[in-house]
Amino acid sequence: MQDELDRHHRSLFERRRRLRKLLRPLPRRANVRRYPVIKWFAEHANRRPYLWSFKRAHVIPALYFGAVLALLPLYGLQAGLAFAAALLVRGNLTVMVGLQFITNPLTIGPIYYFTYRVGMWLIATTGLGEGMAGWGTRVNALFLGGIVVGLAVALMVDLIWRFASWEARQFRHRLAQLRAADDARRRQEFGASGP
């Protein structure tokens with residue numbers, strides 16, 4: 001019993017260490033002043049607790065709006081737009097900005113090409129956005145593809161988030177059971193060895 005409890009404690013500390021490492025480059029209440037554009041609104045952001053909340057009501061909108069924003073052809077404007085969107089939908093800023101790292105100088109070409117192809121296929125299939133001459137249709141395809149692919153990415157991330165939340169609840173429940181059993185064992189040993 002004690003071995004299992006010790007193993008769960010080690011696992012808990014390892015999980016926390018991995019989470020801190022994952023969140024280190026992202027904006028948090030303590031380091032929001034380091035980020036371009038967002039630093040101008042740091043005082044405003046610190047007064048909004050929902051920007052830093054990891055409750056489901058704040059994470060889910062951040063996942064969907066953040067994933068769509070990440071795949072729209074707005075590279076370079078994403079951090080400021082993510083901040084504005086987080087305020088608008090009362091979403092978690094850390095999650096919203098973290099999703100913007102999907103597009104970076106290494107991935108921007110393949111991502112925009114893929115969203116363009118998806119958008120062109122949707123325009124050809126549905127006729128939505130068609131009728132604009134030349135570049136207008138291509139820009140529409142980038143935006144339409146970005147929205148559709150962004151929603152698909154958001155759905156996948158949402159499912160992963162839900163599974164991770166469920167698994168974390170199961171882990172905490174098992175840890176609480178082990179602690180209760182260990183406490184009961186200690187009380188029993190203390191009672192048996194008492195006067």
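Since the model is a prediction, treat every value here as computed from it, not as a measurement. (Residues numbered from 1 in each chain as written. Predicted model: local features only at pLDDT ≥ 70, side-chain atom pairs only at ≥ 80, totals over all residues. Heavy atoms only, no water.)

Caption draft 1: Spotlight on the overall build of the protein chain. Counting its regular elements, the protein chain contains seven helices and zero strands. Going from the N terminus to the C terminus, the protein chain shows its helices and strands as α-α-α-α-α-α-α. Residues classed as buried in the protein chain amount to 34% of the 195 residues present. In the protein chain, the proportion of contacts linking residues at least 24 apart, taken out of those at least 6 apart, comes to 72%. In the structure as shown, the protein chain presents an accessible area of about 12300 Å², 66% of it carried by carbon and sulfur atoms. (Helix = DSSP H or I, 4+ residues; strand = E, 2+ residues; numbered from the N terminus. Buried < 20%, exposed > 50% of the residue type's maximum accessible area, 1.4 Å probe, protein only. Contact = heavy atoms within 4.5 Å. Areas by Shrake-Rupley, 256 points an atom, 1.4 Å probe, with all protein chains shown as cover.)

Caption draft 2: Representation of helix α6 (residues 108-126). The terminal C-alpha atoms of α6, which comprises 19 residues, lie 26 Å apart, in line with the 27 Å expected from a rise of 1.5 Å per residue. Those residues of α6 that fall on the buried side of the exposure criterion are Ile111, Tyr112, Thr115, Tyr116, Val118, Gly119, Leu122 and Ile123. One or two steps after α6, the chain reaches Gly127, where phi turns positive at roughly 80°. (Expected span 1.5 Å × (residues − 1).)

Caption draft 3: Focus on the pattern of salt bridges. In this structure the tally under the stated criterion is three salt bridges. A salt bridge links Arg162 to Asp158, with the nearest nitrogen and oxygen atoms 2.9 Å apart. A residue pair is termed a helical-turn pair when its members lie 3 or 4 positions apart in one helix, as Arg162 and Asp158 do in helix α7 (residues 135-193) at four residues. One continuous salt-bridge network, built from bridges that share partners, spans Asp182, Arg185 and Arg186. (Salt bridge = Lys/Arg side-chain N within 4 Å of Asp/Glu carboxyl O.)

Caption draft 4: Focus on the packing of aromatic side chains. All told, the structure shown has one aromatic pair when counted by the stated rule. With a centroid separation of 5.8 Å and 35° between ring planes, the pair formed by Phe163 and Trp166 is classed as tilted. Taken together, the residues Phe163 and Trp166, both in helix α7 and three residues apart, mark about one turn of the helix. (Phe/Tyr/Trp six-rings, centres within 6.5 Å; stacked < 30°, edge-to-face > 60°.)

Caption draft 5: Spatial organisation of the packing of helix α3 (residues 56-71) against helix α4 (residues 78-89). Here α3 crosses α4 at 150°, and the two axes come no closer than 10 Å. Here α4 runs roughly antiparallel to α3, going by the angle between their axes. Judged by the sense of rotation from one axis to the other, the crossing of α3 with α4 is right-handed. Contacts from Pro61, Phe65, Leu69 and Ala70 in α3 reach Gln78, Leu81, Ala82 and Val89 in α4. Its residues placed into classes, the contact of α3 with α4 shows seven nonpolar, one polar and no charged. (Axes fitted to C-alpha atoms, helices over the stretch in contact; angles between N-to-C directions. Parallel < 35°, antiparallel > 145°, perpendicular 65-115°, else oblique. Left-handed = near helix turned anticlockwise from the far one by under 90°. Nonpolar A, V, L, I, M, F, W, Y, C, P; charged D, E, K, R; others polar.)

Caption draft 6: How the structure looks around the environment of Arg185. Here Arg185 shows up in helix α7. Within the structure, the side chain of Arg185 is placed 2.6 Å from the side chain of Asp182, a separation counted as a polar contact. (Polar contact = N/O pair within 3.5 Å; in protein donor to acceptor, adjacent residues only side chain to side chain.)

Caption draft 7: Structural view of the environment of Leu87. One can find Leu87 in helix α4. Given the relative accessible area of 22%, Leu87 is considered partly exposed. Through-space distance from the C-alpha of Leu87 to that of Tyr50 is 8.7 Å; in sequence the pair is 37 residues apart.

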